[in-house]
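Architecture at a glance
The residues making up each chain are set out below.
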There are 2 protein chains.
Amino acid sequence: MTSEQHYATVARLSDSLSDETDKPRYRRLKDGLTRAIEQGELHGGEMLPSSRVLADHLDVSRNTVNRAYRELVVEGFIEPIERVGYVVNDGLGECDAGGRSRDGSSAPIRWEERLGALVEGDDERTRPAAWRSYPYPFVVGPGPEGFPIGSWTRAMRTALREEHRGPSLHNLDDQDDPLLVEQIRRTILPARGIEATRDEILVTLGTQHGLHLVAEALLGAGSTVGVEDPGYPDARRLFLRQEARLVPLPVDAHGVTAPEGLSGLDMVFVTPGRQFPTNVTMTIGRRRELLARAGGDGALIVEDDYDSEYCYSRRPPQALKALDTAGVVVYVGSFSKFLAPGLRLGFVVADPILVDYLRRLRHDMLRHPPGIIQRTTALMMEAGDYSRVIRRHRRALRSKWQAITEAVDDLFPWSVPSTDGGMSLWVAGPKGLDAAALAEKALDDGVVIEPGRSCFLGPDRPARYFQLGFAAIDRDAIRPGIEHLARLL
Amino acid sequence: MTSEQHYATVARLSDSLSDETDKPRYRRLKDGLTRAIEQGELHGGEMLPSSRVLADHLDVSRNTVNRAYRELVVEGFIEPIERVGYVVNDGLGECDAGGRSRDGSSAPIRWEERLGALVEGDDERTRPAAWRSYPYPFVVGPGPEGFPIGSWTRAMRTALREEHRGPSLHNLDDQDDPLLVEQIRRTILPARGIEATRDEILVTLGTQHGLHLVAEALLGAGSTVGVEDPGYPDARRLFLRQEARLVPLPVDAHGVTAPEGLSGLDMVFVTPGRQFPTNVTMTIGRRRELLARAGGDGALIVEDDYDSEYCYSRRPPQALKALDTAGVVVYVGSFSKFLAPGLRLGFVVADPILVDYLRRLRHDMLRHPPGIIQRTTALMMEAGDYSRVIRRHRRALRSKWQAITEAVDDLFPWSVPSTDGGMSLWVAGPKGLDAAALAEKALDDGVVIEPGRSCFLGPDRPARYFQLGFAAIDRDAIRPGIEHLARLL
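Residues numbered from 1 in each chain as written. Chains lettered and ligands numbered in written order. Predicted model: local features only at pLDDT ≥ 70, side-chain atom pairs only at ≥ 80, totals over all residues. Heavy atoms only, no water.

1. Details of the relation of the copies chain B and chain A
Mapping chain B onto chain A calls for a screw motion: a turn of 180° about the axis and a shift of 0.0 Å along it, with 0.1 Å RMSD after fitting. Accordingly, the operation relating the two chain copies is best matched by a two-fold axis. Mapped onto chain A, 99% of the interface residues of chain B again fall at the interface, so both copies present the same surface. (Least-squares fit on C-alpha atoms with pLDDT ≥ 70 in both. Contact = heavy atoms within 4.5 Å.)

Encoded structure:
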């Protein structure tokens, strides 16, 4: 920009910063910049002032400017140019600038009257969209590192050969790739102690998709679902979408407690392999108890076995499904934690009648998970590469787990219970700690943590818990990140 | 198998063929073979008798045996070995043979009491699952041929490079790949006359997924939806799932007719670019009329623009959305017909408020379409390969369209109205023709056609229509296939 325009823009940005709202400063700055880009004040290809210059002009910290810039990168408004700065993306304003003329004569659509209410309350985002660009991302979930690029590319090439092209590229109607189903049966399930026939397996687009189909098939207004408290908020949202009533089941050091009064529950949702978010593994006694009580009372058990393979000091326990002689367990598995979430691949193991029903639901809703991803994954597994990847991931994660456990032990002012696996720590702060405020403050130091409040049910949800994921962060960044965080505690 | 076992098995198969059921013979044979495999009578690795031998023994036609074998291949029970025959797959019986002991003490689960009723009526499969293995597959929808393997593999390799790995492999939360959204805005939409900002675009897993999200967001018990009659049955199923009431709108040579009484309708579902299944393109007059009536009466219009690019004798007309100044059109597009259905990729263009809502629904249900497919497609488009592919597909399809039009003109005993594009013909047989029976008979000659009855609404659905898809079949197979079919007419 010319210096004159420059000053006009900075003045307007300064105005938007002084707006009296509850929004954080970086957010107001970001909104101001978005407006400037959309209104064509900042043109495509134009360099933005360096964070130092803009911070000086606006009298804010460089962190604030950097944070606004990072969010704009994620939303596609600007692009980073290495060692130079940020440039406004081309052609962003053109549609609006071209001025599509909405017909003023007809009344605007009142969307709020047409759209059903979404499930409220639990959709607090616990991390910024741009978390990848922070130096210390202690986010929950896996990172993109360690993906077996060579094996994947090889398998993809094979998947596109003549003999595989049909299943890879064609409409499979309501079917799954039989090769993938076979690999799930032979490679994944035996390691979890599960035997299944092919008609007991449905391929999904990951855990959430499996849970959605199950909820859609089995729950309606007035259904009752027992859920772990604290537990996985994204499963709860699905049950609430079906207008089910949630019954909190407390979690202790042995896992979830199934009260005698399981009677009356239609479904129980559990994470026995590693309880989300506490990382507790359910004891064998509790498992037998749960199965006995559910079987007797007719509640179905939905088992989310999301990161079974990541035990670092012992063999992973078998799945609850492996003990299920009555066929009451619906097992939900995923490739997200073992290959990559970006593949969106998972599966459900359940009674053939339920699987057939889910298959038809899935067909109505979206046909099937992409054939090309199913076939490529199957070929990778057939080549033995999948098992190698898991072993490699487990080694890398064990090393990160040791690093974070040590760092937290050394640096935190209070003690964090140890775990024997998983991809995150569950930290209970002292009474009075506001984890959301801590998370907000930590961002200014480049540290991303996830407040745990949304994992709890009910009106008095404690605010002092947070999760420290250690899979997406570089091993070498773990200790410095924990140091930054400890300084704030 | 030893000859003694062989004869025992053949005797049992012969028994299952003589079961008195309504099932076709090939189906009874297939079921008998499935049982023999599951009960370990036929072992993994064992060769099946040739179709000639088995047909002789059982006194059925070789077509019947071949058809049963083909279905078993699709379901993964047996595998073809080129120029040799069929072999039973390994390890299929092991789980059942190992004998998972279902606990006899607890009552079996009564699934029928737990599962909601699925939408009935319209889920008649109109083609065999194994259609790919028939010599003359006149199925509706694209084939796997012509997929740009080179460009795709190149783009996939790039998508896995450091700088693209995050968006390709990571959880995108509720976001889409900004590169793909940009390519949709710049490459696809302008060709359809549509201008859209980024917040008006949502990436989906194909048309059906887009329609499902829209139905889920906007329809509930008692909503009324105007649908084309005949029309697309899979869209109708989604509306019925929401317990909406369907109002049939007749289709003539100008496209769908929007009655003056659009008032009272909450939504109208249309395929103006090429009406499904009749292939009629909606005239500009009808379009303006529909928009005027919908705008005034407050009905939203859902436009399914599934094969816009395939006009062979003139430029494709712009989308209805291009004329939409009031923001009442929800546009649903897909990559299935232009790249491959196996990618499961599509998009919705609509008001930002609706898009934001659909985005949150999608996040609850399955997160997002696979990042790796989004980024790879975006990079392919950026390289200009997508437009090249479309042009190549259009050329190949035009040639098939000429071949089928000529063959039908030459060989059919009645005339079929000409079209100027698309991927199928809509054939009205003479009064009294039963297209379902014709389709069943044609299968024995290796010809797959799709009966059109399920496209109609109401109790008196005509049985004499069928669809002849010409995209999935080889060009050289078109005329011989039509010859076979004409012989049956």
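From this point, the discussion proceeds with the structure in view.
2. Points about the interface of chain B and chain A
Interface extent is often summarised as the accessible area lost during association of the parts. At the interface, 99 residues of chain B touch 99 residues of chain A. It is Trp111(B), His170(B) and Asp364(B) in chain B that bury the most area against chain A; as a group they hold 9% of the surface buried on that side. On the surface where chain B and chain A come into contact, there are 8 salt bridges. Notably, a salt bridge pairs Arg127(A) with Asp173(B), separated by 3.1 Å at the nearest N-O pair. Where chain B packs against chain A, one counts 25 residue pairs in polar contact (both at pLDDT 80 or more). Sort the elements by how many residues they give to the side of chain B that touches chain A and helix α13 (residues 352–366) of chain B lands first, with 9 residues. (Buried area = accessible area lost by both parts, 1.4 Å probe. Salt bridge = Lys/Arg side-chain N within 4 Å of Asp/Glu carboxyl O. Polar contact = N/O pair within 3.5 Å; in protein donor to acceptor, adjacent residues only side chain to side chain. Helix = DSSP H or I, 4+ residues; strand = E, 2+ residues; numbered from the N terminus.)

3. Structural notes on the pairing of strand β5 (residues 224–229) of chain A
Residue and element names in this part refer to chain A. With 5 of 6 residues buried, β5 is to be regarded as a mostly interior element. As paired strands, β5 and strand β6 (residues 245–252) are joined by 6 bridges and run parallel to one another. Across the sheet, Glu228 pairs through a bridge with Leu249, a residue of β6. In this region the chain leaves β5, passes through helix α11 (residues 233–241) and returns to the parallel neighbour β6; the handedness of that crossover is right-handed. Bridge count between β5 and strand β8 (residues 267–270): 3 bridges; the pairing is parallel. Looking at the pairing, Val225 lines up with Met267 of β8. (Buried < 20%, exposed > 50% of the residue type's maximum accessible area, 1.4 Å probe, protein only. Pairing = 2+ DSSP bridges. Right-handed = clockwise from strand over helix to strand, strands pointing away.)

4. Overview of helix α14 (residues 371–382) of chain A
Residue and element names in this part refer to chain A. Across its 12 residues, α14 extends 16 Å between first and last C-alpha, which sits within 8% of the 16 Å expected from 1.5 Å per residue. The set of residues buried in α14 consists of Gly371, Ile372, Ile373, Gln374, Arg375, Thr376, Thr377, Ala378, Leu379, Met380 and Met381. A positive backbone phi angle near 85° is found at Gly384, which sits one or two residues after α14. (Expected span 1.5 Å × (residues − 1).)

5. Examining the pattern of salt bridges
One pass over the structure, following the stated rule, counts 54 salt bridges over all chains. Here Asp364(A) makes a salt bridge to Arg237(B), at a shortest N to O gap of 2.8 Å. Here the residue Asp364(A) occupies a position in helix α13 (residues 352–366), and Arg237(B) occupies one in helix α11 (residues 233–241), the pair thus bridging two chains. Assigned by exposure class, Asp364(A) and Arg237(B) land together as buried. The residue Arg479(B) makes a salt bridge to Asp410(B) at a minimum N-O spacing of 3.0 Å. Residue Arg479(B) is found in helix α17 (residues 475–488), and its partner Asp410(B) is found in helix α15 (residues 385–411); the two are separated by 69 residues along the sequence. Each member of the salt-bridge network shares a partner with another, and the members are Arg274(A), Asp307(A), Arg314(A) and Asp420(A).

6. As for the sheet that holds strand β12 (residues 424–428) of chain A
All names here are of chain A. The sheet built from 3 strands is open, its strands ordered β12-β15-β14 with antiparallel pairing. Of all strands in the sheet, those with a lone pairing partner are β12 and β14 (450–451), marking the two edges. Where β14 and strand β15 (residues 465–469) come together, 2 bridges link them in antiparallel fashion. Along β15, the bridge assignment pairs Pro451 with Phe466.

7. Thoughts on helix α2 (residues 25–38) of chain A
Residue and element names in this part refer to chain A. Here α2 is 14 residues long and its end C-alpha atoms lie 20 Å apart, about the 20 Å a rise of 1.5 Å per residue gives. Taken across its 14 residues, α2 has 10 buried, putting it largely inside the fold. Of the residues making up α2, those classed as buried are Tyr26, Arg28, Leu29, Lys30, Asp31, Gly32, Leu33, Thr34, Ala36 and Ile37. One or two steps after α2, the chain reaches Gly40, where phi turns positive at roughly 80°.

8. Quick word on the pairing of strand β4 (residues 201–204) of chain A
Residue and element names in this part refer to chain A. Of the two faces of β4, the one carrying Ile201 and Val203 and the one carrying Leu202 and Thr204 are both buried. Judged from the 4 bridges that link them, β4 and strand β11 (residues 346–349) form a sheet pairing that is antiparallel. Bridge pairing links Leu202 to Val348 in β11.

9. Some words on the sheet that holds strand β14 (residues 450–451) of chain B
Strand order in the open sheet made by the 3 strands is β12-β15-β14 (chain B), with antiparallel pairing throughout. Either end of the sheet is taken by a strand with one partner, and the two such strands are β12 (424–428) and β14 of chain B.

10. Focus: the environment of Ile473(A)
Residue and element names in this part refer to chain A. Tracing the backbone shows Ile473 in the loop between β15 and α17 (475–488). By relative accessible area, Ile473 is classed as buried at 0%. Between the C-alpha atom of Ile473 and that of Pro137, which follows or precedes it by 336 residues, the distance is 5.5 Å. Once residues lying within four places of it in the same chain are set aside, the contact partners of Ile473 are Tyr136, Pro137, Phe138, Lys400 and Ile478.

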